[in-house]
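Remarks on the overall topology
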Amino acid sequence: MEQISPLAAARGSSKPTASGTSSEAAGSVTKRLSQELMNLMMTSPPGISAFPKSDANLFEWAGTIEGAAGTIYSGLTFKISITFPPNYPYVAPTIKFDTPCYHPNVDIAGGAICLDILQDKWTAVYSAQTVLLSLQSLLGEPNNASPLNPDAANLWDKPDEYKTQLMKHYRPISDDA
Amino acid sequence: MATPALCNQVAEKWQRSFAKLNREKEGITGLLEFTQGWLMASDQLRPRDKAGLATKPQYDKAKLRECFEIIRACNLHAVFLDDYLDAIGRQLPAITNDIDFYMKMYEREPTAEHIANLISIAARWQRAWAPLPEMGASALSAFTCTFQTHLYSILPPSFTTGFRDLISATFDFTSFEAAPQWLLTRFPCPHGIPRPDFTLWTIMQELGLIERYETLILSVCYERIEGHVLEASEKVWDRQMLQEMRDWMSREVVPWLTMPYARDARSAEHATMLMKNVGSRLDYHVCKTLADLRTREIFDIIIDYPDSRPALDDMKECLQRVDQRSQLVQSLRKANRRRLLHPGADTKLILTQYVSIIRCLRIVDPQGVLLFKVADPIRRYLRDRPDTIRCIVASLVGDGESGDSLVDENEPIQPINQTQLEDYTDPNWEPEPMDAGPEFRANKPSDIISTLISIYDSQELFVKELQILLAQRLLAITDGNFDRERRNIEILKIRFGEAALQVCEVMLRDMTDSRRTDQHIQQQKASDLHPTIISRHFWPPLQANTFVMPGQFRKIQEDYASEFHVFKPDKKLLWMSHLGSINLQVELDDRTVEVEVPPLEAAFIELFSEQDEWSVPELVEKVGSIERPQAIKALVTWVELGVLKEDSPDHYRLLKTAEESGSAAKSSGKQPTAVVEELPPVVTVQQQQAEQMRVFWKFIEGMLTNLGQLPLDRIQQMLKFAPNYDRNIDQLAAFMEAARREGLVTVTNGVWKLQRD
């Protein structure tokens, strides 16, 4: 009992401050996210799109990326999840592939992505739209120097084998999603 | 062999019969008497053929009565009657021949005369063969029955037509002078009878024809009524016809009616009583015919309102007598659908007619059930018309030039009444009429404008449209006289309430403020520019193709803006260069042209002062943000003024010296029409809404792309991310349905998804 109580107290004391700052910040973040959503909807760049998963939470988006024409991913559509942190846009959103994506910079199992602008190169001027565009171009131009999926990196130079592997893992989007 | 018992029986029977006939007289004298009586009576009654038709043999009444008494005493009169009727039956073919003869005559030459002759001859046969009164009433009725059954059985079908002709002809036998000769000779009337067809009717009664053909006689009468009502009342709406028709009835039809129904009336009262039944049927028919006619004509009657007011009063009275309300509703709805609610009809026209319908049906049915039923499709149709609101609003502010406003000037201006609850404490309260539907709202006689505005669920649209209209009108005013607009706004405030019209109030104040501000700035530094300064937030969006004014105009604008900045440091002027007009003096080598032109024209001529020749793309590039057609239009204005000339396609040159041939010819006719007045371009409500829906569609597309398929209510919820989303789920449903028709989305079990290509 004695051991637990300070921990509980600490948790109790930290919570109000955290929520206090986040609710204050949440207003501006929400505003920013709405603005980004509006921009994304109105520009609707070809092949990329995203929308909040539910009307209750603006921080969780579902996205869609189509492989650019002329790349090996052409004609394939990938679902992704975007999670915006409470202190967005000072911290990059977390993005992962929901559709299995065979790609040198994508973890085939978990869907995690290795992209510099999502990690150390992130700045607040980026937006959901720029991130989605970067991901779309990453599909066609992988960074084979720091692969998450070494097999894919090795196969990149052999398009036929690569395509076979890609299609083996790829699952088309069904409407039940 | 006959047994003794049988012999006894026969003998006894014979004895009894003999006793009956002999009536206990001496010997067989009784029997002889009976035989003699029977023979004499039979001979007297024997139906004679044609030869014997004229006269019956004379007979001794007392003697004959004696004969009948003997027969009756012997209890054999029934047998005697049967015998007599059998004899009649044997002679009947003689009648058949006569009937055939006259029917053939009629078929050859269909005149009523032959039918009258036929009736006459049939009546003579009937009289000739009728049993003597001494035989008693039962004999007479048995005879009549036999005779008439036979008569009717041999009348051919064409007789009905002929009989109808005859009845129809009797309508014209109003006096002895008017009666044809055959009527007077065949059916001579006793002295002192008012109508020459009296005997004819009596004979028809004798033959049972009136009873048998009563429906036919009445239908002839109905036809008469219909014919007359149609002839007299069709398209006559400027006086009340119902009373006229009733007068006609009592003048023309009732005297005739006395013939079949009240021939034997002892007095006028008796006649009235006898005809009461049939008279009310005929009166009903008059009402019904008139109601039918007016129902057919109702659409045109409404067009003619208020000249057709008497016809509507008639209609009201008829409807109280005849249950034609649903027919009236149907007829009017059908006429509206066919003649009014189609794309060819102008919205203003539909509104005018709708207002007339309101006024007319209120006369016919003050409680408004008919109106409610008829108005419903019109209102629904108007709701779908894009320019309905604008038309209503235009009539609200009383468009001066349109002349006949929908609103009656004399009607008091009332606040737009919201739906009221029934006031059951009202001593004049009446229940809803029988045919009121469940949706019927007893709308108290409210003014026309309220009714029109209630076409839409909310007043918001009206107020928006009102702003746009007001913006156009205010910007079109050049003389600074806003009294008219101010008056309109005040009137509208009464209707819509202060709050709704606040924006309009601001707009109006902007106008007056602009003038004051301008006066002030002119005092500081005189300028040729007199801008109207409007508050962006309170004005409807103006079409934004603001181009940059070149040269001196730009300079004037900038000077003015800097003065304005001094006057109101917290405000900044954004120029709407495309609005307004400019008074120009163009000095050329040999002439000076003075015109008032729109700004774009001025901008172009300014550019031509820098350089003599321009191509259209160069000009467009120079001022920026204008469309090619606008540029061409502006250039053509100058060409028509003889200032510019199109040397080659798209290339224009300044005419420093006038070109004799071309400009002389053109300037003669066209010079004064240089400036085309146009309403200031304000973005309409529809355009605004279309733009909004485009945004919402992007969001729907986005959510369906990323979230797969969604039910309608989820789409509605998710659309809260879209800015200013204010549609309800029904509007969304309609929108999605439209998208489905476009092939953009599909729906299965209420779940929507994008149509993938």
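Please read these numbers as outputs of a predicted model, since none were measured by experiment.

On to the overall build of chain A. Each helix and strand counted, chain A has 4 helices and 4 strands in total. The N-to-C order of helical and strand elements in chain A reads α-β-β-β-β-α-α-α. Per-residue burial for chain A yields a buried fraction of 38% across its 177 residues. Pairs at least 24 residues apart make up 54% of the contacts formed inside chain A by residues separated by at least 6 positions. Just so you have it, chain A exposes about 9,400 Å², and 57% of that area is on carbon and sulfur atoms.

Residues and elements named next belong to chain B. Here the second largest pocket is characterised by a volume of approximately 1,500 Å³. Counting only elements with at least two residues in the lining of the second largest pocket, the list comes to helix H17 (369–384), helix H20 (460–476), helix H28 (685–707) and helix H30 (729–741). Here the element with the most residues in the lining of the second largest pocket is H28; it accounts for 10 residues. Across the lining of the second largest pocket, the residue classes tally to 19 nonpolar, 10 polar and 10 charged.

A few words on the packing of helix H5 (residues 112–129) of chain B against helix H6 (residues 137–154) of chain B. All names here are of chain B. Their axes nearest at 11 Å, the elements H5 and H6 cross at an angle of 150 degrees. Here H5 lies roughly antiparallel to H6, going by the angle between them. The two elements H5 and H6 cross, and the hand of that crossing is right-handed. Judged by residue contacts, Ala-122, Trp-125, Gln-126 and Trp-129 of H5 engage Phe-143, Thr-144, Phe-147, Gln-148 and Leu-151 from H6. Looking at the contact of H5 with H6, its residues break down into 6 nonpolar, 3 polar and no charged.

Quick look at the UniProt feature "active site" (unreviewed entry) in chain A now. All names here are of chain A. In the numbering used here, UniProt assigns the "active site" (unreviewed entry) feature to Cys-114. Relative to the helices and strands, Cys-114 resides in the loop between strand E4 (94–97) and helix H2 (128–140). Residue classification places Cys-114 among the partly exposed residues on the basis of a relative accessible area of 25%. Ignoring anything within four residues of it in the chain, the contact list for Cys-114 reads Asn-105, Gln-119, Leu-138, Ser-146 and Leu-148.

Low-confidence regions, as indicated by low pLDDT, have predicted coordinates that should not be scrutinised in detail. Residue and element names in this part refer to chain A. Model confidence for chain A is summarised by a mean pLDDT of 79, while 83% of its residues fall at 70 or above. Taken element by element, chain A is modelled with least confidence in helix H1 (residues 4–43), mean pLDDT 62, and with most confidence in strand E3 (residues 77–83), mean pLDDT 91. Ignoring residues within four places in sequence, the model shows residues 1–22, a span with pLDDT below 50, making 0 contacts including any to other chains.

A word on the sheet that holds strand E5 (residues 651–654) of chain B. Residue and element names in this part refer to chain B. If you walk across this open sheet you meet the 3 strands as E3-E5-E4, and the pairing is antiparallel. Strands with a single pairing partner mark the edges of an open sheet, and in this sheet they are strand E3 (613–615) and strand E4 (644–648). Ignoring which end each strand starts from, the neighbouring axes of this sheet average 30 degrees apart. Taken strand by strand, helix H25 (residues 616–623) contacts E3 and E5, and its axis lies near 85 degrees from that of E3.

All names here are of chain B. A cluster of like positive charges, contributed by Arg-333, Lys-334, Arg-337 and Arg-338, occupies part of the molecular surface. Turning to its location among the elements, Arg-333 is positioned in helix H15 (residues 325–340). On the basis of relative accessible area, Arg-333 is assigned to the partly exposed category, the value being 30%.

Now for the pairing of E4(A). All names here are of chain A. Only one face of E4 is buried, namely the one carrying Ile-95 and Phe-97, since none of Thr-94 and Lys-96 on the opposite face is buried. In this structure, E3 lies alongside E4, joined through 4 bridges in antiparallel fashion. Within E4, the position partnered with Thr-83 by the bridge is Thr-94.

We now examine the pattern of salt bridges. For the structure on display, the rule yields 28 salt bridges over all chains. The partner of Lys96(A) in a salt bridge is Asp98(A), and the shortest N-O contact between them spans 3.2 Å. Given a relative accessible area of 39%, Asp98(A) falls into the partly exposed group. The shortest N-O distance in the salt bridge between Asp313(B) and Arg309(B) comes to 3.6 Å.

Let us look at the nonpolar core. If you look at the biggest cluster of nonpolar residues, it comprises 95 residues, and the most contacted ones within it are Phe163(B) and Met204(B). Once you skip the residues sitting within four places of it in the chain, Phe163(B) turns out to touch Ile115(B), Ile119(B), Met204(B), Leu209(B), Tyr213(B), Leu216(B) and Ile217(B). Within the second largest apolar cluster, 67 residues are counted, among which are Phe59(A), Trp61(A), Ile700(B) and Phe721(B).

This part is about the interface of chain A and chain B. Contacts between the two partners involve 20 residues from chain A, matched on the other side by 19 residues from chain B. Here chain A is connected to chain B by 5 residue pairs in polar contact (both at pLDDT 80 or more). Contributing elements (two or more residues each) for the side of chain A that touches chain B: H1, strand E1 (48–54) and strand E2 (57–66) of chain A. It is E1(A) that contributes the most residues to the side of chain A that touches chain B, 6 residues altogether. Considered class by class, the residues forming the side of chain A that touches chain B number 10 nonpolar, 5 polar and 5 charged.

Within a sheet, adjacent strands bond to each other through the backbone by hydrogen bonds, running parallel or antiparallel. Residues and elements named next belong to chain B. The antiparallel open sheet is built from 3 strands, whose spatial order is E6-E8-E7. Edge strands, defined here as strands with exactly one partner in the open sheet, are strand E6 (710–711) and strand E7 (745–748). Where H30 meets the sheet, it contacts E7 and strand E8 (751–754), and its direction lies at approximately 115 degrees from that of E7.

So, on to the pairing of E2(A). Residues and elements named next belong to chain A. For E2, a buried count of 7 out of 10 residues is recorded, marking the element as mostly surrounded by other parts of the structure. Both E1 and E2 contribute to a ladder of 6 bridges, which runs antiparallel. Along E2, the bridge assignment pairs Ser-54 with Asn-57. Where E1 folds back onto E2 in an antiparallel hairpin, the turn is made up of 2 residues. Pairing between E2 and E3: 7 bridges, direction antiparallel. Each bridged residue has a counterpart across the sheet, and for Ala-62 the counterpart in E3 is Ser-81.

Residues and elements named next belong to chain B. Look at helix H24 (residues 599–610) against helix H26 (residues 628–640): their axes get within 9 Å of each other, and the N-to-C directions meet at 70 degrees. Put simply, H24 runs roughly perpendicular to H26. Two secondary-structure elements touch here, H24 through Leu-600, Glu-601, Phe-604, Ile-605 and Phe-608 and H26 through Gln-630, Ala-631, Lys-633, Ala-634, Leu-635, Thr-637 and Trp-638. Tallied by class, the residues present in the contact of H24 with H26 amount to 8 nonpolar, 2 polar and 2 charged.

A few words on helix H14 (residues 309–321) of chain B. Helical geometry note: an α-helix holds 3.6 residues per turn, so side chains three or four residues apart project in the same direction. Residues and elements named next belong to chain B. Across its 13 residues, H14 extends 19 Å between first and last C-alpha, which sits within 8% of the 18 Å expected from 1.5 Å per residue. Among all positions in H14, only Pro-310, Ala-311, Leu-312, Asp-314, Met-315, Cys-318 and Leu-319 are buried. Where H14 is buried, its residues contact helix H12 (241–261), helix H13 (268–304), H15, helix H16 (347–364) and H17.

Before going further, it helps to examine unusual backbone geometry. Looking along the chain, the bond that leaves Tyr88(A) and enters Pro89(A) is cis, with omega of 0 degrees. Note on placement: Pro89(A) falls in the loop between E3 and E4. Of note, the amide linkage connecting Tyr305(B) to Pro306(B) takes the cis form, showing an omega dihedral of 5 degrees. Considering the arrangement of structural elements, one finds Pro306(B) in the loop between H13 and H14. The backbone phi angle of Lys235(B) is positive, close to 60 degrees, even though this residue is not glycine. You can see Lys235(B) is positioned in the loop between helix H11 (214–233) and H12. By relative accessible area, which is 59% here, Lys235(B) ends up exposed. Despite not being glycine, Asn749(B) shows a phi value in the positive range, around 50 degrees. Tracing the sequence through the fold places Asn749(B) in the loop between E7 and E8.

Thresholds applied
- Residues numbered from 1 in each chain as written.
- Chains lettered and ligands numbered in written order.
- Predicted model: local features only at pLDDT ≥ 70, side-chain atom pairs only at ≥ 80, totals over all residues.
- Heavy atoms only, no water.
- Helix = DSSP H or I, 4+ residues; strand = E, 2+ residues; numbered from the N terminus.
- Buried < 20%, exposed > 50% of the residue type's maximum accessible area, 1.4 Å probe, protein only.
- Contact = heavy atoms within 4.5 Å.
- Areas by Shrake-Rupley, 256 points an atom, 1.4 Å probe, with all protein chains shown as cover.
- 1 Å grid on protein atoms, 1.4 Å probe; cavity = no way out; pocket = protein on both sides within 12 Å on 5 of 7 lines; lining within 4 Å.
- Points joined across faces, edges and corners; volume = space filled by probe spheres on them.
- Nonpolar A, V, L, I, M, F, W, Y, C, P; charged D, E, K, R; others polar.
- Axes fitted to C-alpha atoms, helices over the stretch in contact; angles between N-to-C directions.
- Parallel < 35°, antiparallel > 145°, perpendicular 65-115°, else oblique.
- Left-handed = near helix turned anticlockwise from the far one by under 90°.
- UniProt positions renumbered as here; feature names shortened; annotations may be inferred.
- pLDDT = per-residue confidence, 0-100.
- Pairing = 2+ DSSP bridges.
- Patch = residues over 30% accessible without salt bridge, like charges linked within 9 Å, V, L, I, M, F, W, Y side chains within 5 Å.
- Salt bridge = Lys/Arg side-chain N within 4 Å of Asp/Glu carboxyl O.
- Lys, Arg positive; Asp, Glu negative; His and termini not counted.
- Charge placed at Lys NZ, Arg CZ, Asp CG, Glu CD.
- Core = buried A, V, L, I, M, F, W, Y, C linked by side-chain atoms within 4.5 Å.
- Polar contact = N/O pair within 3.5 Å; in protein donor to acceptor, adjacent residues only side chain to side chain.
- Expected span 1.5 Å × (residues − 1).

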